[in-house]
Amino acid sequence: MTKRVLIDAALVVKNVVVLRQSILDAFEEGDTISLDLADEQPVDLCGLQLIESARRQARAVGKTLVLERPATEFRPALDAAGFLTDATAEDLQFWLHQGPAQ
């Protein structure tokens, strides 16, 4: 079962605790967690790290984390933080929906 999580708050350090709890709650309710990120949403390194940590945790417990839409608006932050440096095909698919289907 897929659990959709709407993330309409800014993905910034001051919101990470609340957003983290929303994602953890979704882990209890579904095998696939789909993050719906608001358009033109502010993001900082903490927000990116939260999503990446959730992605890794999902993989570790046999679940899947996906983004409903590509995070193309986050591209400058992803580049600056090094998330796309030497990115694998799986990384590009996750963040930007480039390559094979999710």
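Before going into details, it helps to say that this report is about the structure given with it.

Reading the values: the criteria
Residues numbered from 1 in each chain as written. Predicted model: local features only at pLDDT ≥ 70, side-chain atom pairs only at ≥ 80, totals over all residues. Heavy atoms only, no water. Axes fitted to C-alpha atoms, helices over the stretch in contact; angles between N-to-C directions. Helix = DSSP H or I, 4+ residues; strand = E, 2+ residues; numbered from the N terminus. Parallel < 35°, antiparallel > 145°, perpendicular 65-115°, else oblique. Left-handed = near helix turned anticlockwise from the far one by under 90°. Contact = heavy atoms within 4.5 Å. Nonpolar A, V, L, I, M, F, W, Y, C, P; charged D, E, K, R; others polar. Core = buried A, V, L, I, M, F, W, Y, C linked by side-chain atoms within 4.5 Å. Buried < 20%, exposed > 50% of the residue type's maximum accessible area, 1.4 Å probe, protein only. Salt bridge = Lys/Arg side-chain N within 4 Å of Asp/Glu carboxyl O. Expected span 1.5 Å × (residues − 1). Arc of directions from axis to C-beta.

With that settled, consider the packing of helix α2 (residues 45-60) against helix α4 (residues 89-96). Here α2 crosses α4 at 120°, and the two axes come no closer than 13 Å. As summarised for this structure, α2 and α4 are arranged oblique, according to the angle between their axes. Of the two possible hands of crossing, α2 and α4 adopt the one that is right-handed. Judged by residue contacts, Leu48, Ile51, Glu52, Arg55 and Arg59 of α2 engage Glu90, Asp91, Phe94 and Trp95 from α4. Looking at side-chain class alone, the contact of α2 with α4 contains four nonpolar, no polar and five charged residues.

This part takes up the nonpolar core. With 26 residues, the main nonpolar core has Leu35, Ile51 and Trp95 as its most contacted residues. When residues of this core are traced back to their parent elements, those giving at least two are β1 (2-7), α1 (16-29), β2 (32-37), α2, β3 (64-67) and α4. Ignoring anything within four residues of it in the chain, the contact list for tryptophan 95 reads Leu48, Ile51, Glu52, Arg55, Leu67, Pro70, Ala71, Leu78 and Phe83.

Next up on the list: the pattern of salt bridges. In this structure the tally under the stated criterion is 12 salt bridges. A salt bridge links arginine 69 to aspartate 36; its shortest N-O distance comes to 2.8 Å. Taken together, the residues span a long stretch of sequence, with arginine 69 in the loop between β3 and α3 (75-81) and aspartate 36 in strand β2 at a distance of 33 residues. Of the residues examined, aspartate 36 reaches a relative accessible area of 7% and is grouped as buried. In this structure, glutamate 90 engages arginine 59 in a salt bridge whose closest nitrogen and oxygen atoms are separated by 3.6 Å. Residue glutamate 90 is located in helix α4, and its partner arginine 59 is located in helix α2; the two are separated by 31 residues in the primary sequence.

A positive phi angle, close to 50°, is found at glutamate 40, a residue other than glycine. Within the fold, glutamate 40 resides in the loop between β2 and α2. Despite not being glycine, histidine 97 has its phi angle at roughly 60°, a positive value. Within the secondary structure, histidine 97 sits in the segment after α4.

The next thing to look at is α1. The terminal C-alpha atoms of α1, which comprises 14 residues, lie 20 Å apart, in line with the 20 Å expected from a rise of 1.5 Å per residue. Within the sequence span of α1, burial applies to Val16, Leu19, Ile23, Ala26 and Phe27. Projected onto a plane normal to the axis of α1, the buried residues spread over an arc of 110° and lie on a single side. Summarising the geometry of α1, the exposed residues directed more than 90 degrees from the buried face are Val17, Val18 and Glu28. Check the buried side of α1 and you find it contacts β1, β2 and α2.

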